[in-house]
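Architecture at a glance
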Amino acid sequence: MRVLMCGGGTGGHVNPAIAIANKIKELESDSEIAFVGTGHGIESKLVPKEGYKLYQIEIRGIKRSLSLQNIKTAFLCAEAFIKCRKIIKSFKPDIVIGTGGYACWPVIRAASALRVHCVLHESNAVPGFAVKMLESHVDRIYVNFEDTLKALKYPNRAVRVGNPLKGGFADITRGKAREKLGIPQNATVLLSLGGSMGAETVNNNVLKVMRDYTSLKKDIIHYHATGSIEYNICKEQFESMGLDKCENIHLSEYIYDMPNKMAAADVVINRAGAMTLSELALLGRASILIPSPNVTNNHQFKNADVLRKAGAAVLIEEKELDETRLTEAVKMLCEDNEKRESMEKAVAAFAVSDAAEVIYNDIKKLIN
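What follows deals with the sheet that holds strand E1 (residues 2–6). Overall, parallel pairing links the seven strands, which are arranged E3-E2-E1-E4-E5-E6-E7 in an open sheet. With one partner strand each, in any of the chains shown, strand E3 (53–56) and strand E7 (158–160) form the two edges of the open sheet. Looking at each pair of strands side by side, their axes are set apart by 25° on average, direction ignored. Direction of pairing for strand E5 (residues 117–122) relative to strand E6 (residues 140–143): parallel, over a ladder of four bridges. When the bridges of E6 are listed, histidine 121 appears paired with tyrosine 142. Across the sheet, helix H4 (residues 105–113) touches E1, strand E2 (32–37), strand E4 (95–98) and E5, and the angle it forms with E5 is around 150°.

The backbone of arginine 115 shows a phi angle near 60°, a positive value even though the residue is not glycine. Looking at the secondary structure, you find arginine 115 in the loop between H4 and E5. Phi angles above zero are rare outside glycine, and asparagine 298 is one such case at about 50°. One can find asparagine 298 in the loop between strand E12 (286–289) and helix H11 (299–309). Judged by relative accessible area, asparagine 298 falls into the partly exposed class, the value being 32%.

Strand order in the open sheet formed by six strands is E10-E9-E8-E11-E12-E13, and the pairing between neighbours is parallel. Each edge of the sheet is formed by a strand with only one pairing partner; in this case those strands are strand E10 (249–252) and strand E13 (314–315). Taken together, the six bridges between strand E8 (residues 188–193) and strand E9 (residues 220–225) define a ladder with parallel strand orientation. Considered in E9, the bridge of leucine 193 is made with alanine 225. Sitting on the sheet, helix H12 (residues 325–335) touches E8, E9, strand E11 (267–270), E12 and E13, and the angle it makes with E12 is about 175°.

This part is about empty space enclosed by the protein. If a probe as big as a water molecule is rolled over the atoms, it shows which places are left empty. All chains considered together, the criterion is met by one cavity of 30 Å³ or more. In this structure, the largest cavity occupies an estimated 120 Å³ of space. Looking at the lining of the largest cavity, the element that brings in the most residues is helix H10 (residues 274–283), giving five residues. Split by residue class, the lining of the largest cavity holds eleven nonpolar, four polar and one charged.

Approximately 310 Å³ is the volume found for the second largest pocket. If you trace the second largest pocket, you find 20 residues lining it, with Lys23, Leu165, Lys166, Gly167 and Ser353 closest to the centre. Going through the elements one at a time, helix H1 (11–27) and helix H14 (355–367) are the ones with two or more residues in the lining of the second largest pocket. It is H1 that provides the largest number of residues to the lining of the second largest pocket, a total of four residues. When the residues that make up the lining of the second largest pocket are grouped by side-chain class, the tally is nine nonpolar, five polar and six charged.

Ranked by size, the top nonpolar core spans 34 residues in total, and within it Leu191, Met262, Leu289 and Leu307 carry the most contacts. Looking at this core, the elements with two or more residues in it are E8, E9, helix H9 (258–264), H10, H11 and helix H13 (337–348). Residues contacting methionine 262, with those up to four places away along its chain left out, are Phe169, Leu191, Val268, Asn270, Glu279, Leu280, Leu283 and Arg285.

To continue, consider the pairing of E10. Residues of E10 alternate between two faces, with Ile249 and Leu251 buried on one and His250 and Ser252 left unburied on the opposite face. Each parallel crossover has a hand, and the one from E9 via helix H8 (residues 231–240) to E10 is right-handed.

Let us now look at the packing of aromatic side chains. Taken as a whole and judged by the stated rule, the model has three aromatic pairs. Aromatic side chains tyrosine 55 and phenylalanine 91 sit 6.4 Å apart centroid to centroid with 75° between the ring planes, which places their arrangement in the edge-to-face category. With tyrosine 55 in strand E3 and phenylalanine 91 in helix H3 (residues 69–91), this pair connects stretches of sequence that are 36 residues apart. Between tyrosine 254 and tyrosine 256 the ring centres are 4.8 Å apart and the planes differ by 65°, which places this aromatic pair in the edge-to-face class. Residue classification places tyrosine 256 among the exposed positions, given a relative accessible area of 72%. The aromatic ring of tyrosine 154 is capped on one face by arginine 157, whose charged end is 4.6 Å from the ring centroid. Taking NZ or CZ as reference, lysine 261 lies 5.0 Å from the ring centre of tyrosine 223, over its face.

Okay, the packing of helix H7 (residues 200–212) against H12 next. Following both chains from N to C, one finds H7 and H12 inclined at 60°, their axes separated by 8 Å at the closest point. The angle between H7 and H12 falls in the class oblique. When you trace H7 past H12, the crossing you get is right-handed. Contacts from Asn205, Val206, Lys208, Val209 and Asp212 in H7 reach Leu326, Thr327 and Val330 in H12. Classifying every residue of the contact of H7 with H12 gives four nonpolar, two polar and two charged.

Moving on to the environment of glutamate 146. Here glutamate 146 lies in the loop between E6 and E7. On the basis of relative accessible area, glutamate 146 is assigned to the partly exposed category, the value being 49%. Taking the C-alpha atoms as reference points, glutamate 146 and leucine 120, 26 residues apart in sequence, are found 15 Å from one another.

Reading guide: rules and limits
- Residues numbered from 1 in each chain as written.
- Predicted model: local features only at pLDDT ≥ 70, side-chain atom pairs only at ≥ 80, totals over all residues.
- Heavy atoms only, no water.
- Pairing = 2+ DSSP bridges.
- Helix = DSSP H or I, 4+ residues; strand = E, 2+ residues; numbered from the N terminus.
- Axes fitted to C-alpha atoms, helices over the stretch in contact; angles between N-to-C directions.
- Contact = heavy atoms within 4.5 Å.
- Buried < 20%, exposed > 50% of the residue type's maximum accessible area, 1.4 Å probe, protein only.
- 1 Å grid on protein atoms, 1.4 Å probe; cavity = no way out; pocket = protein on both sides within 12 Å on 5 of 7 lines; lining within 4 Å.
- Points joined across faces, edges and corners; volume = space filled by probe spheres on them.
- Nonpolar A, V, L, I, M, F, W, Y, C, P; charged D, E, K, R; others polar.
- Core = buried A, V, L, I, M, F, W, Y, C linked by side-chain atoms within 4.5 Å.
- Right-handed = clockwise from strand over helix to strand, strands pointing away.
- Phe/Tyr/Trp six-rings, centres within 6.5 Å; stacked < 30°, edge-to-face > 60°.
- Lys NZ or Arg CZ within 6 Å of the ring centre and 35° of its normal.
- Parallel < 35°, antiparallel > 145°, perpendicular 65-115°, else oblique.
- Left-handed = near helix turned anticlockwise from the far one by under 90°.

Next up, the structure:
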């Protein structure tokens, strides 16, 4: 099978594409797979690292307000469309798979015009701009959330498959993760994250949780990753509060073994990107979600709100954080076993462990 993947700009678009590509190679090792993306998006780092060829195009997103930049964007879209036609004619894919982001628009449009099978995957609860623009040009739309079907113009073309995840999350239990990390099985473990780049408000409020609660609870082990930008500032505050002397609290810039740390956790504090929520669902972990307010269409809030309504997570908007709000939520989940277990059961209902394989089986049917 010859497969052309497209989508980029953020890890939320690129990682599902890589997960699908890896599953195809696992199940059909002689498959030829390549990606199309930009030279400045995160795909330019992640895709070559996975060993796949990346065809580069120049394109950028459309401004939602009136802007002269949109004139330039229109020219880039036209140029990218022409280049994508050439790529498709040269690569000769059996199918083109788009995972969202503006980089997938010219690829899917060109493939559709050349009568190549096309499918889309939407990770977020509310379809992104590119997916909305491309709905009528694809054979199938795979979605992560059941609620997404209501927001599509062509729900008859859509099927809920979940979110394809790269390996590591489906095969590990809480007990095995704790054994590997040297964490006592009877400890309560809190994992908090400020994001890969960092988020000042989240980090500041987590420091208050450490100061006012977890530093006083020796039976709670608290891991926090600040993100790269905020690390030095947070470390200085961490030490000034005397938290560096607490053996049960661990501050780091980044967590490199995320599957183990998240599997070992009882409670997770995180943003609300689609990949994060899929990981939490697959592991069945109680969480406090603080959606980033700086994303397109406020989609992280909408993702988190789906879980909140199902009793599967605590949702706190960043603007609602104050001196005690996060600490109170952490205390409630750490000390109320019944509440935590109820939340674990509710979030597990959102889990789909074989999303990439379901997609593989469906695209085989389309091609045949």
